[in-house]
Amino acid sequence: WKVDSLDVVGTGHDTMRTAVVRWKATVAGSRRREGGKAKANIDQKESVSVVRRSQEEGGKVLSTRTKQPKANAASGPFLHVSKPLPRVLLLHTGGTLGMDPDISYNELEGEATHLKAGTGGHYKTGLQPGALLQDLLQVVPELRVFANMDVKVMFNKDSSRVGPKEWAQLAKELHKMRDVYDAFVVVHGTDTLPFTASALSLMLAGFGKPIVLTGSQLPLAMPRSDARQNLIDSLTCATARFAPPHVNFREVGVCFGGKLMRGNRSQKVHTNQYMAFDSPTYPSLATLGVEVEWNERFLLLQHGYSAYRPRFKLDPNVIRIPIVPGTDPRKAYGDLFGRGVHGVILEAFGVGNMDDRSSQGWIPWLRQQTKKGLSVYLTSQCTGGELHPELYKSGSVAMQMGVESGPQMTVECAVVKMMLCLAYPDLPLSQPIAGEL
C-alpha cells in the first residue's frame, strides 16, 4: 500500500486515545479480477491481542501488545489507529490480591470473606506471569485502555515475609528496567506495604518515574473485591503524564481506597476497611472519585529532585522502642549494641520528651549505648505535629549524646532510613532525599 495523504481528524492526542485518520491509498501490487471488477488482494483481520513471552534473567515476563487491523479498501474512508500507549511493568510480590479465595477463605452465609484460621491465606507456588495477566485482564479488561502492560512475578508471599532482602531485590529490578518502561506498578500485601514503599523511595531516590504500590483487602476473584478499583486507580496515576491533564507525577506512591499518597508518608490505619491507608503527616497527592483531583503543588517534583543515585545496601539490625512510663530500659533492653543491634528508633512522648530521672534509666541507658556505638533516632509516638526535643531537659541531653532528630518521619520510614544510613554512613538521617521529611 502507498499512502497519498494522512490527515488527523479530531482534536489530537490531548483529548483522544485513538486518533481517527483519513486516508487515501492505491494498490501498488497485483489485483485479482472477479466479475470484471478490480478487487484489492488484502486480508481483513480484527484487532487481536498478542501475547509475547520472554525470559529476563530467570524471571518470566508476559506482555500484551495490540496489532492494528489491516486496511480494507471496501471498509470506507476511515482507518482507526491506536495512539501509542505508555509501557508499564507490573511487578507481583504476593498479598491478598492474588489469593485463591476457594482455598484461602471459609464460606459463611454464601460469601467467603473470612480467612481460614491459622493459614493466613494460600499463596500458589510457581505462579506464572501468564496466568496472572490473564486473570487481571479477564477481571479488569479496562487495564488495556491505559497502557501496554507487562507482568513479572518477583515472588508470591505474605507481606509479613517481605523485608530488606526483598526490598533490595525489587529495587534492583526497578533499576534494571528504569529505561525500558514509562511507569511501574507493584502489587503487594497490605501489612508491610508502607515499609516497602519507604524502602523503594529511599533506595531509588531520584528515580524520576512513577512507582505505584497497591494491593487489596479481598482477592481479585471475589465479587466484592477492592482489587479491581485499586488496580485501575493505580494505573491511572502511574500513566498520568500520558493523558490529560498530563500531571507530572514521578515518585513512589501508594494508591489504595481512592487515594494516592506519597509512599514514605503512608501508613496502614485499618485492618479491614477498603480505605486502609492514610498519610497523616502529608496531604494526599490525588483523590480518585468521579474525577481525579490532583494536589500538584505537593508532588515531589515541585520541590526539586536530587540526581538519581540507587543504593541497594541495607543494615537490617534496627529495632523500634516505644517509651513506656515506668519501664527501665536497662532491664527491658539491656546491652542492645553488644547483642548486635546497630540502630534504634526511639519513640518518645509528644514533641520528644521522656522521663529524665536517672532512677528511671532512660538517660543512663542512652549514654551507655551511644558511647558503644548505637545509633539512635528520636521520634514521637504522635502521628502528627513537629518534633522539638530541645524544649525539654531529657531531649536536650539526648541530643548532646549524639541522638539524632529532625522533622518527623513515619515510624515505618524512620526504620528503613536508619537501615539505609547505617549501610551508607555518609548519608545523614536528618537529610531529606525523597520527600520523607
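About the thresholds
Residues numbered from 1 in each chain as written. Predicted model: local features only at pLDDT ≥ 70, side-chain atom pairs only at ≥ 80, totals over all residues. Heavy atoms only, no water. Core = buried A, V, L, I, M, F, W, Y, C linked by side-chain atoms within 4.5 Å. Buried < 20%, exposed > 50% of the residue type's maximum accessible area, 1.4 Å probe, protein only. Helix = DSSP H or I, 4+ residues; strand = E, 2+ residues; numbered from the N terminus. Pairing = 2+ DSSP bridges. Axes fitted to C-alpha atoms, helices over the stretch in contact; angles between N-to-C directions. Contact = heavy atoms within 4.5 Å. Salt bridge = Lys/Arg side-chain N within 4 Å of Asp/Glu carboxyl O. Expected span 1.5 Å × (residues − 1). Lys, Arg positive; Asp, Glu negative; His and termini not counted. Polar contact = N/O pair within 3.5 Å; in protein donor to acceptor, adjacent residues only side chain to side chain. Phe/Tyr/Trp six-rings, centres within 6.5 Å; stacked < 30°, edge-to-face > 60°. Lys NZ or Arg CZ within 6 Å of the ring centre and 35° of its normal.

Residues Trp167, Leu174, Phe184, Met203, Ile211, Leu213 and Leu420 are the most contacted members of the largest nonpolar core, which totals 50 residues. Contributing elements (two or more residues each) for this core: β8 (87–94), β11 (148–157), α4 (164–176), β12 (183–187), α5 (193–203), β13 (211–214), β14 (252–256) and α10 (411–423). A total of nine residues in this core trace back to one element, the largest contributor, which is α10. One finds Phe146, Val247, Leu288 and Trp294 within the second-largest nonpolar core, a separate group that totals 36 residues.

The next point concerns the sheet that holds strand β22 (residues 375–380). Read across the open sheet, the three strands follow the order β20-β21-β22; overall the sheet is parallel. Looking at which strands have only one partner, the edges of the open sheet turn out to be β20 (318–322) and β22. Each strand of the sheet is rotated relative to its neighbour by a mean of 20°, with strand direction disregarded. Taken strand by strand, α10 contacts β20, β21 (343–348) and β22, and its axis lies near 150° from that of β21.

Here the structure, examined in full by the defined rule, presents 14 salt bridges. The shortest N-O distance in the salt bridge between Lys157 and Glu166 comes to 2.7 Å.

Attention now goes to helix α6 (residues 227–238). With twelve residues, α6 should cover 16 Å at 1.5 Å per step; its first-to-last C-alpha distance of 16 Å lies within 8% of that length. What α6 keeps buried is the set Ala227, Asn230, Leu231, Ile232, Asp233, Ser234, Leu235, Thr236, Cys237 and Ala238.

Topologically, Asp158 is positioned in the loop between β11 and α4. Nearest to the buried, unbridged Asp158 among oppositely charged side chains is Arg161, at 6.2 Å. Polar contacts involving the side chain of Asp158 include one to the main-chain amide nitrogen of Ser160, which spans 2.8 Å.

Let us look at the pairing of strand β15 (residues 259–262). Of the two faces of β15, the one lined by Lys259 and Met261 and the one lined by Leu260 and Arg262 are each fully buried. When β14 meets β15, the two strands line up antiparallel, connected through four bridges. Residue pairing in the sheet places Gly253 in a bridge with Arg262 of β15. Where β14 folds back on β15, the antiparallel hairpin that results is connected by two residues, among which Gly257 adopts a positive phi of roughly 60°. Summarising the sheet, β15 and strand β18 (residues 286–288) pair through two bridges and their orientation is antiparallel.

For the bond from Pro244 to Pro245, the omega torsion is 5°, close enough to zero to count as cis. With respect to the helices and strands, the residue Pro245 is situated in the loop between α6 and β14.

What follows covers the packing of aromatic side chains. Going through the model one piece at a time under the given rule, you end up with eight aromatic pairs. On the numbers, 5.8 Å between centres and 80° between planes, the contact of Tyr282 with Phe298 is edge-to-face. Residue Tyr282 is located in the loop between β17 (277–278) and β18, and its partner Phe298 is located in the loop between β19 (292–294) and β20; the two are separated by 16 residues in the primary sequence. With centroids separated by 6.0 Å and ring planes inclined at 90°, the aromatic side chains of Trp362 and Trp365 adopt a geometry described as edge-to-face. With Trp362 and Trp365 both in helix α8 (residues 362–372), this residue pair falls three residues apart, about one helical turn. Exposure class is identical for Trp362 and Trp365. Each is buried. Grouping aromatic residues by their ring pairs yields a cluster made of Tyr181, Phe184, Phe207 and Tyr308. If you follow Arg178 out to its NZ or CZ, it ends over the ring of Tyr308, 4.1 Å from the centre.

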